[in-house]
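Fold and contact review
Residues per chain are reported as follows:
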Amino acid sequence: MAGSPRRAAGRRLQLPLLCLLLQGATAILFAVFVRYNPETDAAVWHSGNRSSSDNEFYFRYPSFQDVHVMVCVGFGFLMAFLQRYGFSSVGFTFLLAAFALQWSTLIQGFFHSLHGGHIHVGVQSMINADFCAAAVLISFGAVLGKTGPAQLLLMALLEVLLFGVNEFVLLSLLGVKDAGGSMTIHTFGAYFGLVLSRVLYRPQLEKSQHRLGSVYHSDLFAMIGTIFLWTFWPSFNSAPTMLGDGQHRTTLNTYYSLTASTLSTFALSALVGEHGRLDMVHIQNAALAGGVVVGTSGEMMLTPFGALAAGFLAGTVSTLGYKFFTPVLEAKFKLQDTCGVHNLHGMPGVLGALLGVLVAGLATHEAYGDGLGSVFPLVAEGQRSATSQAMYQLFGLLVTLTFASVGGGLGGLLLRLPFLDPPPDSQCYEDRIYWEVPGEREDEAQGSLRAEETDTRA
Amino acid sequence: MAGSPRRAAGRRLQLPLLCLLLQGATAILFAVFVRYNPETDAAVWHSGNRSSSDNEFYFRYPSFQDVHVMVCVGFGFLMAFLQRYGFSSVGFTFLLAAFALQWSTLIQGFFHSLHGGHIHVGVQSMINADFCAAAVLISFGAVLGKTGPAQLLLMALLEVLLFGVNEFVLLSLLGVKDAGGSMTIHTFGAYFGLVLSRVLYRPQLEKSQHRLGSVYHSDLFAMIGTIFLWTFWPSFNSAPTMLGDGQHRTTLNTYYSLTASTLSTFALSALVGEHGRLDMVHIQNAALAGGVVVGTSGEMMLTPFGALAAGFLAGTVSTLGYKFFTPVLEAKFKLQDTCGVHNLHGMPGVLGALLGVLVAGLATHEAYGDGLGSVFPLVAEGQRSATSQAMYQLFGLLVTLTFASVGGGLGGLLLRLPFLDPPPDSQCYEDRIYWEVPGEREDEAQGSLRAEETDTRA
Amino acid sequence: MAGSPRRAAGRRLQLPLLCLLLQGATAILFAVFVRYNPETDAAVWHSGNRSSSDNEFYFRYPSFQDVHVMVCVGFGFLMAFLQRYGFSSVGFTFLLAAFALQWSTLIQGFFHSLHGGHIHVGVQSMINADFCAAAVLISFGAVLGKTGPAQLLLMALLEVLLFGVNEFVLLSLLGVKDAGGSMTIHTFGAYFGLVLSRVLYRPQLEKSQHRLGSVYHSDLFAMIGTIFLWTFWPSFNSAPTMLGDGQHRTTLNTYYSLTASTLSTFALSALVGEHGRLDMVHIQNAALAGGVVVGTSGEMMLTPFGALAAGFLAGTVSTLGYKFFTPVLEAKFKLQDTCGVHNLHGMPGVLGALLGVLVAGLATHEAYGDGLGSVFPLVAEGQRSATSQAMYQLFGLLVTLTFASVGGGLGGLLLRLPFLDPPPDSQCYEDRIYWEVPGEREDEAQGSLRAEETDTRA
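Along every chain, residues carry numbers that run from 1 in the direction the sequence is written. Ligands are numbered from 1 and chains lettered from A, in the order in which they are written. The predicted origin of the model limits local features to residues at a pLDDT of at least 70 and limits the giving and counting of side-chain atom pairs to 80 or more, whereas totals for whole chains, interfaces and linings rest on all residues. Excluding hydrogens and water, the side-chain figures rest on all heavy atoms present in the structure.

Moving on to the overall build of chain A. For the purposes of this entry, the term helix denotes a DSSP run of H or I that reaches at least four residues, the term strand denotes a run of E that reaches at least two, and both are numbered from the N terminus. When helices and strands are tallied, chain A shows 18 helices and 3 strands. A principal-axis box enclosing the C-alpha atoms of chain A has dimensions of 70 × 60 × 35 Å. Three labels apply to residues, based on accessible area from a 1.4 Å probe with only protein chains included: buried if under 20% of the type maximum, exposed if over 50%, partly exposed otherwise in between. Split into buried and exposed, the 458 residues of chain A put 69% on the buried side. Contacts are assigned to residue pairs with any non-hydrogen atoms lying within 4.5 Å of each other. Residue pairs in contact within chain A that sit at least 24 positions apart in sequence constitute 81% of those at least 6 positions apart. By element, 65% of the accessible surface of chain A is carried by carbon and sulfur atoms, the whole surface being about 13,200 Å². Each charge class in chain A can be summarised by its mean position, and for the 25 positive and 32 negative side chains these summaries are 9 Å apart. In this description, accessible areas are obtained by the Shrake-Rupley approach with a 1.4 Å probe, and a residue is regarded as covered only by the protein chains that are shown. Positive charge is attributed to Lys and Arg, negative charge to Asp and Glu, and no charge count is given to His or to the chain ends. For the purpose of locating charges, the reference atoms are NZ of Lys, CZ of Arg, CG of Asp and CD of Glu.

So, in structure tokens, the structure goes:
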């Protein structure tokens with residue numbers, strides 16, 4: 001009781017101060033380090049003798065925009081399925097994305113595009129930053145409703161850093177291929193979030209159980225997220241691939257894989273549903289697993305059939321995971337995974353990594369011709385055999401799982417810092433703690449919420 | 001009563017088995033027939049001496065993505081206007097699209113891109129498959145709420161096949177121009193669905209009448225569909241045209257036509273509405289008729305004025321159709337058209353085909369210059385006069401109407417197979433049969449709103 | 001009371017007649033003046049010896065589509081936050097956009113692309129028309145809920161005209177740079193709407209106060225608008241810039257600026273909110289101010305740090321404006337600004353213009369190299385110094401404020417014409433006056449549905 005005004009005052013200042021501090025820090029680092037790259041700098045671009053139409057912008061920007069929609073609209077609304085947590089789902093997605101985009105520009109820049117002490121930015125760095133933000137938002141899905149915005153910003157602070165290190169190890173040190181991020185984005189984001197959620201385990205979470213569900217229209221809002229993610233996923237996986245056939249092929253593989261995961265999700269959802277009814281949770285999530293599972297192999301010569309098979313498998317595993325595995329995770333492993341990111345990003349991400357191992361191991365000069373240099377440059381140059389590339393891919397998965405787990409554990413400890421202010425067990429999945437919420441046109445809800453509010457302020 | 005558990009068990013297995021069967025079949029056919037085309041195959045692309053930037057991907061993919069959004073987001077949400085059928089509208093759109101995209105890749109591939117026994121796929125085949133899916137979703141609109149998902153999949157199985165045949169006859173055998181599909185997509189999809197709906201006529205459908213309407217927020221969800229369709233329609237009509245001026249001109253014509261159909265829809269809706277009030281059904285649908293009506297002629301030298309006039313006419317006809325013709329269709333012709341596809345796709349599609357006849361007949365070397373070969377190759381090569389091209393266009397419409405009607409009839413018979421499980425007359429337009437539906441909440445605000453309502457109407 | 005049927009009859013005819021009249025007029029003007037430009041005309045394009053891939057379409061159309069989504073989806077849904085005005089917000093946005101696109105094609109065409117007595121249209125004119133529509137929709141935000149559709153069409157009629165004149169004066173006569181329209185779009189649209197709203201001041205507006213708020217789901221619909229605006233804003237500012245580095249750089253600057261305005265908005269909103277709670281109004285609007293503030297300077301060598309600083313400032317000013325300035329505007333200046341366009345477009349627009357003055361004044365040959373000619377052609381040609389360009393930029397702001405204020409005043413007088421039919425003070429922010437509105441999840445339907453539920457599960 002006595003602590004209540006102080007906590008309210010603390011909350012009042014915690015988020016603003018953290019936002020201002022982080023923004024101030026990134027702004028200073030931007031001033032010192034970040035510069036336009038040769039494609040965006042007026043003087044440098046015009047000193048070359050190139051036609052405007054050669055600017056990389058025209059080959060990457062449409063893909064970037066699709067990715068940007070997925071990160072902001074897709075993830076935000078996908079998580080808006082909860083009846084009382086739509087403002088936070090969409091709003092904190094927005095906040096986390098904004099911060100992660102700046103911060104990962106710096107982190108990824110240090111690792112990947114440092115030129116003469118300066119980080120060079122352009123459309124590629126925008127795509128990469130959005131990819132990193134996607135990983136942060138995947139982790140957000142695991143702890144959705146159980147963490148405050150200040151906690152989430154600290155999570156992003158740590159996760160972006162480790163994402164950058166892991167990505168650097170995989171892509172630059174190990175020469176692993178992972179254009180669409182089955183490992184670097186999905187596996188990393190999922191297991192980081194899951195381990196973090198484990199560290200934050202709340203034994204009393206059933207006090208908020210009544211809010212852990214959707215209402216009719218919140219499920220439709222979530223479908224906005226699902227459908228935009230589904231539609232633009234071909235752009236996601238292909239955004240950073242080599243130009244030409246590579247980018248083209250990746251979109252095609254992703255497109256087919258997603259159609260197959262959708263069909264297997266509908267099949268399995270009806271099969272395991274009570275009275276053969278479909279479950280919106282499956283449709284909203286598992287249908288997307290086809291995009292995750294070809295994140296690594298999408299740019300390879302997977303074949304259209306291979307894409308269908310991969311998508312089918314991913315949709316199946318994901319749906320069964322939601323039905324049978326998620327309850328076990330909580331009951332046996334004390335792992336509370338709000339959005340089921342283990343089913344959408346975790347298992348399909350690992351499957352995608354393994355599929356990458358397989359397809360890389362099968363790569364031949366015959367199948368890729370002179371294109372082998374684009375997809376597997378080290379194999380083309382004779383530095384590695386295809387089998388050896390496959391082993392590196394597998395090693396990349398293990399590295400990712402390690403970074404994600406250790407990082408998630410550290411993140412969990414960080415987020416348990418006592419001065420941070422998580423929602424109480426009885427107030428999880430509830431917008432009202434962090435937002436001014438308008439009346440809902442529903443008496444009883446108002447009544448009970450008003451009662452709860454007193455509770456919260458206690 | 002006795003049959004009820006058995007029917008539930010049957011339903012439980014029908015959809016899963018059908019999904020798995022269809023997916024298995026298309027996967028096998030993909031393994032045997034489908035191959036990357038020269039723009040997506042690593043070895044073939046790199047054996048040519050072409051720059052990555054020449055890859056067709058960069059000229060077609062942004063349009064493809066817009067089309068893909070229209071098919072998945074646009075159609076799905078446009079049909080989400082029903083108060084209790086949002087899950088099914090969005091969800092079955094998703095399911096049907098996923099299946100139709102695979103199946104039409106095969107069917108259209110057999111007809112249009114068979115090379116040495118293999119179907120070649122790339123961004124053009126993705127666009128074409130999405131077009132075919134659009135036709136299926138148009139037909140879905142006619143039977144919305146009255147058919148189960150297993151029935152819908154069988155409908156798609158048949159419709160995609162006939163769509164492919166009809167398209168082949170028109171484009172390849174008759175040399176008809178129909179880039180945006182006034183005939184092949186809109187007319188075909190609408191009349192296929194309407195005849196099918198006629199065969200499935202339910203005399204007792206008024207038992208579900210109370211669910212055949214919107215609620216406030218379901219109408220806003222539907223507007224998401226409308227606005228995305230409206231915004232991206234220029235990309236739809238131009239996606240498969242010749243590159244360069246043709247694609248550019250098509251977007252311009254579609255853009256103007258849509259603005260005019262919007263103005264005429266608002267005008268007519270207020271004119272025929274009670275107390276001059278606008279009707280959301282008109283705005284959601286008829287405003288889009290401008291996109292349908294220039295589906296054939298959009299790539300031709302329609303002139304900006306011609307586009308405005310066509311759009312204006314289409315919006316007018318469509319709005320009047322919703323107001324006056326739909327009730328007659330049901331009362332006199334036993335035709336229950338849930339979404340009014342006759343008004344949005346049927347009549348405007350036929351008008352669009354006739355407009356194509358007119359504009360083709362007026363084509364001159366003077367107006368098209370050396371561009372005549374792109375738009376009317378057979379006329380440019382001297383194999384046909386413009387008048388003769390116009391006659392072929394007209395014949396294409398008749399062929400389409402024939403295929404659509406016969407196909408819709410066959411489809412209706414197929415969907416009446418006794419073991420299929422349609423919703424009972426009293427349970428149409430109801431998600432709960434096929435979906436786990438969460439509670440809906442809020443009673444009380446209703447009271448005060450009803451009070452206001454009286455107030456407002458005073 | 002006696003006037004009520006007559007007024008209803010008047011309303012019944014006013015909107016239809018105005019739509020038909022305006023559409024008729026623009027159609028005639030299109031017939032006389034509007035022609036395909038050389039990139040869309042079949043004969044002209046093919047008479048040049050150019051490759052299809054050189055068509056401007058491929059460099060501008062993806063940006064155009066993003067802008068088009070912003071105008072139709074973004075503005076429409078952003079204004080759908082009101083609990084009882086969603087149909088009007090989205091619907092009238094649609095109507096105004098449709099008319100403004102046609103009308104501004106004519107007006108801007110007369111000023112900017114008249115060739116031999118004909119207006120040439122293509123993707124650039126589509127972008128420009130959408131920009132003008134954006135200004136009209138900004139003004140709409142100031143009077144949202146207090147004006148009928150016929151009034152709004154008349155507002156658009158006048159505003160498009162003055163927008164065209166102002167734009168011509170700035171860009172063509174004064175040689176001012178303003179690619180993303182901090183002045184021509186945001187400042188102009190905001191102050192036009194604000195002065196107009198002032199002239200239409202309603203002292204009795206508190207009679208509708210109870211409808212001037214959101215409900216839970218209307219706020220989520222508004223977030224659809226916000227997120228699409230946020231995501232696509234880089235395309236908005238860059239759509240009309242010089243191709244190559246200019247377009248690329250503008251997207252980068254806008255992207256960074258928006259991340260910073262988002263962080264400062266969250267910080268300030270929580271800081272000034274009761275109990276540290278975030279306010280959806282701020283998040284929906286002020287987070288976008290970063291896009292407005294770099295509308296002028298985005299194509300210049302602003303530097304990534306400069307973009308962050310500008311965005312941060314804009315988010316701060318905008319949030320504080322919503323919190324402290326809007327109430328004062330109404331209380332002291334009788335200015336009722338429904339959406340707070342002064343905070344999102346007015347102040348950030350002026351700031352953006354001033355930032356343009358600053359960055360233009362700092363332009364050096366060293367920083368821009370040979371690119372100076374693209375960004376500041378008059379400076380590169382030696383006709384002006386950078387300082388002089390800065391003075392012209394400042395003068396452009398003053399001209400814009402003058403045109404907007406005088407225009408808004410005239411507009412207000414026009415809209416007060418007695419035969420026009422504004423909503424009464426007690427019926428503002430209410431869809432029911434202009435729309436057939438369905439029941440709102442009516443009780444009795446619920447009752448019967450609950451009964452049916454048992455039935456279905458049997």
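Moving on: the packing of aromatic side chains. Each aromatic pair joins two rings of Phe, Tyr and Trp (for Trp, the six-membered one) with centres within 6.5 Å, and gets the label stacked for planes under 30 degrees apart, edge-to-face for over 60, and tilted for any other angle. With the rule as written, the count across this model stands at 78 aromatic pairs over all chains. Summarising the aromatic geometry, the rings of F87(A) and W435(A) are spaced 5.9 Å apart at their centres and angled 80 degrees between planes, so their arrangement reads as edge-to-face. Of the two residues, F87(A) is situated in helix α4 (residues 86–112) and W435(A) in the loop between α17 (386–415) and α18 (443–457); the sequence distance between them amounts to 348 residues. Across the pair, exposure class does not vary: F87(A) and W435(A) are buried alike. One aromatic cluster in this structure is built from F30(A), F57(A), Y58(A), Y61(A), F64(A), F59(C), Y255(C) and Y256(C). For R198(A), the ring lying beneath its charged end belongs to Y201(A), and the centroid distance is 5.7 Å. Distance and angle both matter: a charge sits over a ring if NZ of Lys or CZ of Arg is within 6 Å of the ring centre and within 35 degrees of the ring normal.

Right, let's get into unusual backbone geometry. Even without being a glycine, K334(A) presents a positive backbone phi close to 55 degrees. Take K334(A): it is sitting in the loop between α12 (304–333) and α13 (341–361).

Contacts between the two partners involve 81 residues from chain B and, on the opposite side, 71 residues from chain A. The term salt bridge refers to a pairing of a side-chain nitrogen on Lys or Arg with a carboxyl oxygen on Asp or Glu at a separation within 4 Å. Linking chain B to chain A there are 1 salt bridge. Across the pair E436(B) and R277(A) runs a salt bridge whose closest N-O atoms are separated by 3.9 Å. Think of a polar contact as two N or O atoms within 3.5 Å of one another; within protein, one of them needs to be a possible hydrogen donor and the other a possible acceptor, and neighboring residues in sequence only count if both atoms come from side chains. At the boundary of chain B and chain A, one finds 23 residue pairs in polar contact (both at pLDDT 80 or more). Those elements that provide at least two residues to the side of chain B that touches chain A are α1 (3–33), β1 (34–36), α2 (42–47), α3 (57–78), α4 (86–112), α5 (123–143), α8 (216–238) and α18 (444–457) of chain B. Partitioned by chemical class, the residues of the side of chain B that touches chain A number 47 nonpolar, 19 polar and 15 charged. Here the term charged refers only to Asp, Glu, Lys and Arg, the term nonpolar to Ala, Val, Leu, Ile, Met, Phe, Trp, Tyr, Cys and Pro, and the term polar to all other amino acids, Gly among them.

A common measure of how large an interface is: the accessible area buried when the components associate. Taken together, the 85 residues of chain B in the interface contact 91 residues of chain C. Run the count over chain B and chain C and you get 23 residue pairs in polar contact (both at pLDDT 80 or more). The set of elements that each furnish at least two residues to the side of chain B that touches chain C consists of α3, α8, α9 (245–272), α10 (280–285), α12 (304–333), α14 (365–368) and α18 of chain B. Take the side of chain B that touches chain C: its biggest share by element is 18 residues, from α9(B). Its residues placed into classes, the side of chain B that touches chain C shows 39 nonpolar, 25 polar and 21 charged.

Alignment of the copies relies on least squares applied to C-alpha atoms, considering only residues that score at least 70 for pLDDT in both. In screw terms, the move from chain B to chain A is a rotation of 120 degrees and a rise of 0.0 Å along the axis, fitting with an RMSD of 0.0 Å. Taken together, the rotation and translation relating the two chain copies correspond to the operation of a three-fold axis. An asymmetric contact is evident, with only 16% of the interface residues of chain B recurring at the interface of chain A.

Our next topic: the state of the cysteines. Two cysteines, two sulfur atoms, one covalent bond between them: this is a disulfide. Residue and element names in this part refer to chain C. Here, the term disulfide refers to a pair of cysteine sulfur atoms separated by no more than 2.5 Å. With the rule as written, the count across this model stands at 0 disulfides over all chains. No disulfide involves C19; its sulfur sits 16 Å from the nearest other cysteine sulfur, which is in C72. Not part of a disulfide, C428 finds its nearest cysteine sulfur in C339, a span of 13 Å.

A word on empty space enclosed by the protein. Computed over the protein atoms alone on a 1 Å grid, cavities are sets of points where a 1.4 Å probe fits but cannot get out and pockets are open sets with protein on both sides within 12 Å along at least five of seven lines; a residue lines them when it has an atom within 4 Å of a point. Grid points are joined across faces, edges and corners, and a volume is the space filled by probe spheres set on the points. What the rule picks out here adds up to 11 cavities of 30 Å³ or more. What the largest cavity holds in volume is close to 200 Å³. As for the largest cavity, its lining consists of 17 residues, of which P62(A), D66(A), P62(B), D66(B) and D66(C) are closest to the centre. Those elements giving two or more residues to the lining of the largest cavity turn out to be α3 (57–78) and α8 (216–238) of chain A, α3 of chain B together with α3 (57–78) and α8 (216–238) of chain C. The class makeup of the residues in the lining of the largest cavity is 11 nonpolar, 3 polar and 3 charged.

All names here are of chain A. One fewer than the residue count of a helix, multiplied by 1.5 Å, yields its expected span. Taking 1.5 Å per residue as the helical rise, helix α7 (residues 182–199) with its 18 residues ought to reach 26 Å, and the 24 Å between its terminal C-alpha atoms agrees with that figure. A bend of about 30 degrees at F188 is the largest found in α7. Most of α7 is tucked away: 15 of the 18 residues are buried. Bend is computed residue by residue as the angle between axes fitted to the seven residues ending at the residue and the seven residues starting at it.

Right, let's get into the sheet that holds strand β2 (residues 114–115) of chain B. All names here are of chain B. One bridge is not enough; two strands pair if DSSP finds at least two bridges between them. The sheet built from 3 strands is open, its strands ordered β1-β3-β2 with mixed pairing. Both edges of this open sheet fall to β1 and β2, since each of them pairs with a single strand only. As paired strands, β2 and strand β3 (residues 118–121) are joined by 2 bridges and run antiparallel to one another. Note on β3: the bridge partner recorded for L114 is I119.

Residues and elements named next belong to chain A. Distance thresholds for patches are 9 Å for like charges and 5 Å for nonpolar side chains (Val, Leu, Ile, Met, Phe, Trp, Tyr), applied to residues having over 30% relative accessible area and no salt bridge. Taken together, L354, M391, L394, F395 and L398 make up a surface patch of nonpolar side chains, about 440 Å² in accessible area. At 4 residues, α17 tops the list of elements feeding residues into the nonpolar patch. With respect to the secondary-structure elements, L394 resides in helix α17. For L394, a relative accessible area of 30% corresponds to the partly exposed category.

Here we come to the packing of α8(A) against helix α9 (residues 245–272) of chain A. Residue and element names in this part refer to chain A. Axes here mean lines fitted to C-alpha atoms, for a helix over just the part in contact, with angles spanning 0 to 180 degrees between N-to-C directions. It is the contact of α8 with α9, at a shortest axis distance of 8 Å, that shows an interaxial angle of 145 degrees. At the point where α8 passes α9, the crossing takes the right-handed sense. For the pair formed by α8 and α9, the contact residues are W230, W233, P234, N237 and S238 on the first element and Q247, T250, T251, T254, Y255, L258, T259 and T262 on the second. In the contact of α8 with α9, the residues fall into 5 nonpolar, 8 polar and no charged. Crossings are assigned a handedness: left-handed for a near helix turned anticlockwise from the far helix by less than a right angle, right-handed for a clockwise turn.

Attention now goes to the pattern of salt bridges. Residues and elements named next belong to chain A. Tallied over the entire structure, the rule returns 27 salt bridges over all chains. Between E39 and R50 there is a salt bridge, and its shortest N-O distance comes to 3.4 Å. You can see E39 sitting in the loop between β1 (34–36) and α2 (42–47) and its partner R50 sitting in the loop between α2 and α3, a full 11 residues away along the chain. A relative accessible area of 14% means that E39 is categorised as buried. Under the relative-accessibility criterion, R50 is labelled partly exposed at 41%. If you follow the salt bridges from partner to partner, you end up with R84, R211, E430 and R432 in one network.

Residue and element names in this part refer to chain C. Strand order in the open sheet made by the 3 strands is β1-β3-β2, with mixed pairing throughout. Every other strand in the sheet has two partners, leaving β1 (34–36) and β2 (114–115) as the edge strands with one partner each. As judged from the 3 bridges shared by β1 and strand β3 (residues 118–121), these two strands associate in the parallel manner. Paired with R35 across the two strands is H120, which belongs to β3. Sitting on the sheet, helix α4 (residues 86–112) touches β1, β2 and β3, and the angle it makes with β3 is about 110 degrees.

On to the confidence of the model for chain A. Think of pLDDT as the predictor's per-residue confidence, scored from 0 to 100. This prediction gives chain A a mean pLDDT of 93; 93% of its residues lie at or above 70. Overall fold confidence for the complex sits at a pTM of 0.95, while the interface term, ipTM, reaches 0.94.

So, on to the pairing of β3(C). On any regular strand, side chains alternate: one points to one face of the sheet, the next to the other face. The alternating pattern of β3(C) places I119(C) and V121(C) on a buried face, while none of H118(C) and H120(C), on the opposite face, is buried. Connecting β2(C) to the next strand, β3(C), in antiparallel fashion are 2 residues, including G116(C) with a positive phi near 55 degrees.

Right, let's get into the UniProt feature "domain: Ammonium transporter AmtB-like" (unreviewed entry) in chain A. Under the present numbering, the feature "domain: Ammonium transporter AmtB-like" (unreviewed entry) in UniProt falls on residues 26–416 of chain A. Note that residues 26–416 of chain A is 72% helix and 2% strand, and that its end C-alpha atoms are spaced 24 Å apart. UniProt positions are given in the numbering used here, feature names are shortened, and annotations may be inferred rather than shown by experiment.

Residues and elements named next belong to chain C. Where helix α7 (residues 182–199) meets helix α13 (residues 341–361), the axes come as close as 8 Å, and the angle between the chain directions of the two elements is 140 degrees. Here α13 runs oblique to α7, going by the angle between their axes. Classified by chirality, the crossing of α13 by α7 is left-handed. Of the residues in α13, those in contact with S182, M183, H186, T187, A190, Y191 and L194 of α7 are V341, H342, H345, G346, M347, G349, V350, G352 and A353. In these notes the angle categories are as follows: under 35 degrees is roughly parallel, over 145 is roughly antiparallel, 65 to 115 is roughly perpendicular, and the rest is oblique.

All names here are of chain A. For Q336, the position within the fold is in the loop between α12 and α13. Within polar-contact distance, the side chain of Q336 engages the backbone oxygen of R202 at 2.8 Å. Among the polar contacts made by the side chain of Q336, one reaches the side chain of E330 at a distance of 3.3 Å. Dropping the residues within four chain positions of it, Q336 is found in contact with A142, K146, S197, Y201, R202, L205 and E330.

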